[in-house]
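# Coordinates in review
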Amino acid sequence: MLKFIASAWVLVGLIIGFSVPNAQNLATTPIAFFHVPLAVSMLLLFLLSAIWSVKWAFFGRDDRDDARSLAFAEVGFAAGLIAMASGMLFARTNWGAYWSWDPQQVGVLGTLLTYAALFALRGATDDEGTKRKLWTVYAVLGVLVACFGSYIYRQILPENTSLHPNKTLTTSTPIFRFALWFNVVGYAMLLICAANVRARFEIISNRLDERVWKRA
């Protein structure tokens, strides 16, 4: 049921996004109603991934929790890639260049490279128990890097260092703020549904591997 609600929510959100006026200090904003929700959802999924991994480590070591942690990280990573690609289109439309080494761009790129490395490290270990223990550390480290690279890094730099406007949510019209957060909620629900589906496949795969190993 949630996936149907999320799909309808996103569709309505897109219609609203293309209907509202542009935000303050931006030439065009429809991409923002896709780009920003994906970026926020990326952080949310990385956070949920860390929570599932901590739950696995300290509350029963249920292999399903590890599968959920991995799934949420993978879907969050995919959302981050799409957010970066759409962000480059947003930058080209508003500031004239796809890539300008803006702190926000650099921070998100660093986050994605970190998770790519963490996925590689997880795959480099054959022992399942060790892999899951290490992943708990990786997932927590990853979300800390994501929070710093996607938000904190830009905030600690001098004002006007980043092309991304800091006060869009406070200086824009109420309808723009409503449309933006409406889309954030919709994409978050949709990606959580996708992560849950990915987790089910991971759980099934793990169970099949266990049966094959026992037969061997």
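None of the values given here were measured: they were computed from a predicted structure. (Residues numbered from 1 in each chain as written. Predicted model: local features only at pLDDT ≥ 70, side-chain atom pairs only at ≥ 80, totals over all residues. Heavy atoms only, no water.)

Our focus in this paragraph is unusual backbone geometry. A positive phi is found at Arg61, a non-glycine position, where the angle reads about 50°. The phi dihedral of Trp101 falls on the positive side, at around 55°, and the residue is not glycine. Considering the arrangement of structural elements, one finds Trp101 in the loop between helix H3 (63-95) and helix H4 (103-123). The exposure class of Trp101 is exposed, given its relative accessible area of 62%. (Helix = DSSP H or I, 4+ residues; strand = E, 2+ residues; numbered from the N terminus. Buried < 20%, exposed > 50% of the residue type's maximum accessible area, 1.4 Å probe, protein only.)

Okay, the pattern of salt bridges next. Under the definition given, this model contains 10 salt bridges. Across the salt bridge formed by Asp65 and Lys55, the nearest N and O atoms sit 3.0 Å from each other. A residue pair is termed long-range when its members are at least 10 positions apart, and Asp65 in helix H3 and Lys55 in helix H2 (residues 32-58) qualify at 10 residues. By relative accessible area, which is 1% here, Asp65 ends up buried. In this structure Lys55 comes out as partly exposed when scored by relative accessible area, which is 36%. A salt bridge links Arg122 to Asp66, with the shortest nitrogen-to-oxygen separation between them at 2.8 Å. Of the two residues, Arg122 sits in helix H4 while Asp66 sits in helix H3, which places them 56 residues apart along the sequence. One exposure class covers both Arg122 and Asp66, and it is buried. (Salt bridge = Lys/Arg side-chain N within 4 Å of Asp/Glu carboxyl O.)

At a minimum axis separation of 10 Å, H3 and H4 run at an interaxial angle of 150°. By the angle between their directions, the pair H3 and H4 is classed as roughly antiparallel. Judged by the sense of rotation from one axis to the other, the crossing of H3 with H4 is left-handed. Residues Asp66, Leu70, Ala73, Glu74, Phe77, Gly80, Leu81, Met84 and Ala91 of H3 lie in contact with H4, whose contacting residues are Gln105, Val108, Leu109, Leu112, Tyr115, Ala116, Phe119 and Arg122. When the residues that make up the contact of H3 with H4 are grouped by side-chain class, the tally is 12 nonpolar, two polar and three charged. (Axes fitted to C-alpha atoms, helices over the stretch in contact; angles between N-to-C directions. Parallel < 35°, antiparallel > 145°, perpendicular 65-115°, else oblique. Left-handed = near helix turned anticlockwise from the far one by under 90°. Contact = heavy atoms within 4.5 Å. Nonpolar A, V, L, I, M, F, W, Y, C, P; charged D, E, K, R; others polar.)

On the surface, a nonpolar cluster with roughly 410 Å² of combined accessible area is contributed by Phe148, Tyr151, Ile152 and Ile156. You can see Ile152 is positioned in helix H5 (residues 128-156). Relative accessible area serves as the criterion here: at 37%, Ile152 is assigned to the partly exposed category. (Patch = residues over 30% accessible without salt bridge, like charges linked within 9 Å, V, L, I, M, F, W, Y side chains within 5 Å. Areas by Shrake-Rupley, 256 points an atom, 1.4 Å probe, with all protein chains shown as cover.)

In terms of nonpolar packing, the biggest core is built from 26 residues, with Leu38, Leu45, Phe46, Leu112, Tyr115, Trp135 and Leu191 touching the most fellow members. Looking at this core, the elements that each hand over two or more residues are H2, H3, H4, H5 and helix H7 (174-215). Broken down by element, this core gets its largest block of residues, eight residues, from H3. When residues no more than four places from it in sequence are discounted, the contact partners of Leu45 are Phe72, Val75, Gly76, Leu191, Ile192 and Ala195. In this structure, Val20, Phe176, Ala179 and Leu180 belong to the second largest nonpolar core, which totals five residues. (Core = buried A, V, L, I, M, F, W, Y, C linked by side-chain atoms within 4.5 Å.)

Moving on to helix H1 (residues 2-19). Every α-helix carries 3.6 residues per turn, so stepping three or four residues along brings you back to the same face. With 18 residues, H1 ought to run about 26 Å at 1.5 Å a step, and its terminal C-alpha atoms sit 26 Å apart, in line with that. When we look at burial in H1, the residues that qualify are Ala6, Val10, Gly13 and Gly17. For H1, the arc enclosing every buried residue in end-on projection is 65°, short of the 170-degree limit, so these residues lie on one face. For H1, the exposed residues lying more than 90 degrees away from the buried face are Phe4, Leu11, Ile15, Phe18 and Ser19. (Expected span 1.5 Å × (residues − 1). Arc of directions from axis to C-beta.)

Take H3 next. When the terminal C-alpha atoms of H3 are compared, their 46 Å separation across 33 residues agrees well with the 48 Å that a helix rising 1.5 Å per residue should span. Two residues or fewer after H3 comes Gly96, characterised by a positive phi angle close to 90°.

With respect to the helices and strands, Ser86 occurs in helix H3. With a relative accessible area of 6%, Ser86 lands in the buried category. In this view, Ser86 contacts Ile31, Phe34 and His35; residues no more than four positions away in its chain are not counted.

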